[in-house]
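Chain residues, written in single-letter form:
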Amino acid sequence: MKRIAFAAAAAAAALGAFATAKRPSVVKGRFRPNYDESKVAPYTLEDPLAFADGRKVRGPEDWPARRREIVDLFAREMYGREPPPPETVECKTMEEGVTLAGFAIRRQVRMWFRKDRSGPHIDWLLILPRHAKGPVPAIIGLNYHGNHEMLADPQVAVPDCTWLRNGDGVTDHKPTEKHRGRRCDQRADSILPAAMLVARGYAVMTACYGQVSPDPVWNDRNPADRPGNRAWQGVFELWGARDPSATDGISSFGAWAWALSRGLDLAERTGEIDARRTVATGYSRLAKSALLAASRDERFAVCVPVQCGAGGVQLLKRDFGETVAIINRAFPHWFCRAYAKYADNEENMPFDQHLMIATIAPRGLLVLGFDDPWYDTKGEWLSCKAASPAWEILGRPGLPGGPFPAPYETRCIGPSIGYAHRTEKHGISAWDWTQILDFADNAFGRGRGR
Ligand code: GCU
């Protein structure tokens, strides 16, 4: 396979700046990420424009096959195979009313996947601009603790999740009233400024990720590979008994991405929404989910993963911050079993995350990071650079050039692929939302006045 030598690493290697042997990143259960740039060993990346057998992608006509090859590779080696499409998507409006001081309609829709409405369901909250002149674009994302957290409105139901991790607003593994409207509080690290999104002419669709697949962490002491593990509840019920020997079993990321596609199914049936103009977004594990959804489902027009962390945008052959060994130990259910073989063995991966993000091309991709070294946002920028040729061969501009931008600099945000990062805490802040809306407006050809 043709590989792109990574120039900066090679140059630094020539100066003898790198340690040679990689040290393990998990020792006796303790995480030891590298945070020292001078210890990043040289690495080489696969060429997004070369097939696995070495043939070159000669033009746009070859891209669908190369794209498929990459999507399949990630299904086999990392995220697990794609869940099957649902037998059916049955929807019922459970509640509807005017919200946000009259500027929006709140609609709560329950979705089932069997004709007889048995089995798992997902509860979607739709926030629709009430005074729009026609179908509007939509922002689609999952949330952590329930729809009632996203809109400060007493009518929004608390979801009936089977299991959520206990913590603030979650008691006995169930979401509680305590989190109602939490994401509307401007003091929060992560916000959903629903009134502003609606004012800018966007609909919002959200559902709780815990209804889709409960998300135990390693200290919940329930190894995810064990059959019957709580990770494999929620929509996993639809996919029958799990084969514990499969190396490409459906992962939680596969389920969350699948759920986002079901959100898109609902958008397509919602007259107020123009489903050709959707933005998949989220932060952290929900950013990775949005990325996987957009990678697999080409109906998503724009994807904005915010502060993805490992397993999302950042390069993992670049040894900085969270590693494959660390993430797999904490969250084995996020990936398929095949991925474990790359723990502290990233150099032998036949891929890196730049290939993953390349599968979004030629659609819009805006990567937003923050300066927590665990999340290696510089590795995200490098990943965007390495993926750029995919946009270019499809006739779209790649990542705007220049050195690694300073926090809050937006010069690396192009019309098709963009990257920016900021300081402060983990979450989607007002600053991130501004970037998301400007990028999406541009991608959807929406000017002032709309
Ligand atoms: C952990 C994990 C990250 C992940 C984050 C989250 O920090 O290491 O990879 O993105 O949790 O989703 O909250």
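Every chain is numbered on its own, with residues counted from 1 as its sequence reads. In keeping with the predicted nature of the model, local features appear solely for residues at pLDDT of at least 70, side-chain atom pairs appear and are counted solely at 80 or more, and the whole-chain, interface and lining totals rest on all residues. To get the side-chain values, all heavy atoms of the structure are used, and hydrogens and water are removed first.

## Comments concerning the nonpolar core
Inference 1: Only buried residues count toward a nonpolar core. Its members are Ala, Val, Leu, Ile, Met, Phe, Trp, Tyr and Cys residues joined through side-chain atoms within 4.5 Å. Relative accessibility decides the category of a residue: with a 1.4 Å probe and only protein chains considered, values under 20% of the type maximum give buried, values over 50% give exposed, and everything between is partly exposed. Core analysis: the biggest nonpolar cluster contains 130 residues, and Trp124, Ile127, Ile140, Tyr339, Phe351 and Leu365 have the highest contact counts within it.
Inference 2: For this core, the leading source of residues is helix 5 (residues 252–268), giving 10 residues.
Inference 3: Looking at this core, you find at least three residues from each of domain 1 (3–77 + 303–443) and domain 2 (90–283).
Inference 4: For this analysis, residues touch if any pair of their heavy atoms sits within 4.5 Å. Aside from chain neighbours lying at most four places away, what touches phenylalanine 351 is Glu46, Leu73, Phe74, Glu77, Met78, Lys317, Tyr339 and Tyr342. Secondary structure elements are defined from DSSP: runs of H or I of at least 4 residues count as helices, runs of E of at least 2 residues count as strands, and each element is numbered from the N terminus. For the domains described, the bounds stem from an automatic or database domain assignment.

## A word on the environment of alanine 293
Inference 1: By the secondary structure assignment, alanine 293 is in helix 6 (residues 285–296).
Inference 2: We classify alanine 293 as buried; its relative accessible area is 1%.
Inference 3: For the pair alanine 293 and isoleucine 105, spaced 188 residues apart in the sequence, the C-alpha separation amounts to 26 Å.
Inference 4: Ignoring sequence-local partners within four residues, the contact set of alanine 293 consists of Ala257, Leu260 and Phe300.

## Regarding empty space enclosed by the protein
Inference 1: Put plainly, a pocket is an open set of points on a 1 Å grid over the protein atoms alone with protein on both sides within 12 Å along at least five of seven lines, a cavity is a set where a 1.4 Å probe fits but cannot get out, and a lining residue has an atom within 4 Å of a point. Grid points are joined across faces, edges and corners, and a volume is the space filled by probe spheres set on the points. Counting across every chain of the model gives 2 cavities of 30 Å³ or more.
Inference 2: What the largest cavity holds in volume is close to 210 Å³.
Inference 3: What lines the largest cavity is a set of 21 residues, and nearest its centre among them are Leu142, Met150, Leu192, Ile428 and Trp433.
Inference 4: Elements represented by at least two residues in the lining of the largest cavity include exactly strand 8 (136–143), strand 11 (203–208) and strand 12 (273–283).
Inference 5: The leading source of residues in the lining of the largest cavity is strand 8, at 5 residues.
Inference 6: Split into classes, the residues belonging to the lining of the largest cavity amount to 13 nonpolar, 6 polar and 2 charged.
Inference 7: Considered as a void within the structure, the second largest cavity measures approximately 40 Å³ in volume.
Inference 8: Around the second largest cavity, the lining residues are Ile70, Val71, Phe74, Ala75, Tyr79, Leu292, Ser295, Arg296, Met356 and Thr359.
Inference 9: Elements represented by at least two residues in the lining of the second largest cavity include exactly helix 2 (63–79) and helix 6.
Inference 10: Under this grouping Gly is polar, as are all residues other than the nonpolar Ala, Val, Leu, Ile, Met, Phe, Trp, Tyr, Cys and Pro and the charged Asp, Glu, Lys and Arg. Of the residues that constitute the lining of the second largest cavity, the class distribution is 7 nonpolar, 2 polar and 1 charged.

## Re the side chain of arginine 422
Inference 1: One can find arginine 422 in strand 15 (residues 417–422).
Inference 2: Take arginine 422: its relative accessible area is 2%, and that puts it in the buried class.
Inference 3: Definition of a polar contact: a pair of N or O atoms within 3.5 Å, with one able to donate and the other able to accept a hydrogen when the atoms are protein atoms, and with sequence-neighbouring residues admitted only if both atoms are side-chain atoms. Within the local environment of arginine 422, its side chain forms a polar contact with the side chain of aspartate 432, the two groups lying 2.8 Å apart.
Inference 4: With near-sequence residues (within four places) excluded, arginine 422 lies in contact with Gln307, Gly369, Phe370, Asp371, Pro407, Tyr408, Gly427, Ser429, Trp431 and Asp432.

## Some words on unusual backbone geometry
One can expect most non-glycine residues to show negative phi and most peptide bonds to be in trans.
Inference 1: A cis amide bond links alanine 361 to the next residue, proline 362, at an omega of 5°.
Inference 2: Counting through the fold element by element, proline 362 comes out in the loop between helix 8 (353–358) and strand 14 (364–370).
Inference 3: In this structure, leucine 100 is a non-glycine residue whose phi angle is positive, near 50°.
Inference 4: Considering the arrangement of structural elements, one finds leucine 100 in the loop between strand 5 (90–99) and strand 6 (104–112).
Inference 5: Judged by relative accessible area, leucine 100 falls into the partly exposed class, the value being 23%.
Inference 6: Even without a glycine there, the phi angle at serine 284 is positive, about 65°.
Inference 7: Tracing the sequence through the fold places serine 284 in the loop between strand 12 and helix 6.
Inference 8: Judged by its relative accessible area of 10%, serine 284 is buried.

## Comments concerning helix 10 (residues 430–443)
Inference 1: Given a rise of 1.5 Å per residue, 14 residues ought to cover 20 Å, and the 20 Å separating the end C-alpha atoms of helix 10 matches this to within 8%.
Inference 2: When we look at burial in helix 10, the residues that qualify are Asp432, Trp433, Gln435, Ile436, Leu437, Phe439, Ala440 and Asp441.
Inference 3: Positive phi appears at glycine 445, one or two residues downstream of helix 10, with a value of about 65°. In this scheme, a helix's expected span is set at 1.5 Å multiplied by one less than its residue total.

## Remarks on the sheet that holds strand 13 (residues 302–306)
Inference 1: In spatial order, the strands read 5-6-7-11-8-12-13-14-15; together these 9 strands make up an open sheet with mixed pairing. Of all strands in the sheet, those with a lone pairing partner are strand 5 and strand 15, marking the two edges. Neighbour-to-neighbour, the strand axes of this sheet turn through a mean angle of 20°, independent of strand direction.
Inference 2: When DSSP finds at least two bridges between two strands, those strands are taken to pair. Relative to strand 15, strand 14 is paired through 6 bridges, and the arrangement is parallel. Bridge pairing in strand 15 links leucine 365 to isoleucine 417.
Inference 3: In this analysis an axis means a line fitted to C-alpha atoms, helices contributing only their contacting stretch, and an angle means the value between N-to-C directions, from 0 to 180 degrees. Sheet strands touched by helix 5: strand 5, strand 6, strand 7 (121–129), strand 8, strand 11 and strand 12. Its angle to strand 8, the strand with the most contacts, is close to 150°.

## A closer look at the confidence of the model for the chain
Inference 1: The share of residues in the chain with pLDDT of 70 or more is 92%, and the mean pLDDT across the chain is 92.
Inference 2: For the chain, the element scoring lowest by mean pLDDT is helix 1 (residues 7–14), at 39; strand 13 scores highest, at 99.
Inference 3: Note: pLDDT gives the predictor's confidence per residue, expressed from 0 to 100. Between residues 1–20, whose pLDDT stays under 50, and residues either more than four places distant or in other chains, the model counts 35 contacts.

## Remarks on the site of the ligand
Inference 1: By convention in these notes, a residue is near a molecule or strand provided one of its non-hydrogen atoms lies within 4 Å of it. Within the structure, the ligand sits among Ser284, Arg285, Lys288, Cys308, Glu322, Ile327, Phe331, Trp334, Trp374 and Tyr375.
Inference 2: One of the side-chain nitrogen or oxygen atoms of lysine 288 is found 2.7 Å away from an oxygen atom of the ligand.
Inference 3: At 2.5 Å, a side-chain N or O of glutamate 322 approaches an oxygen atom of the ligand.
Inference 4: Calculation on the ligand without its partners gives an accessible area of 320 Å², and the protein chains cover 84% of this total.
Inference 5: Broken down by class, the residue content of the shell around the ligand amounts to 6 nonpolar, 1 polar and 3 charged. Only the protein chains shown count as cover for residues, and all accessible areas are computed by the Shrake-Rupley method using a 1.4 Å probe.

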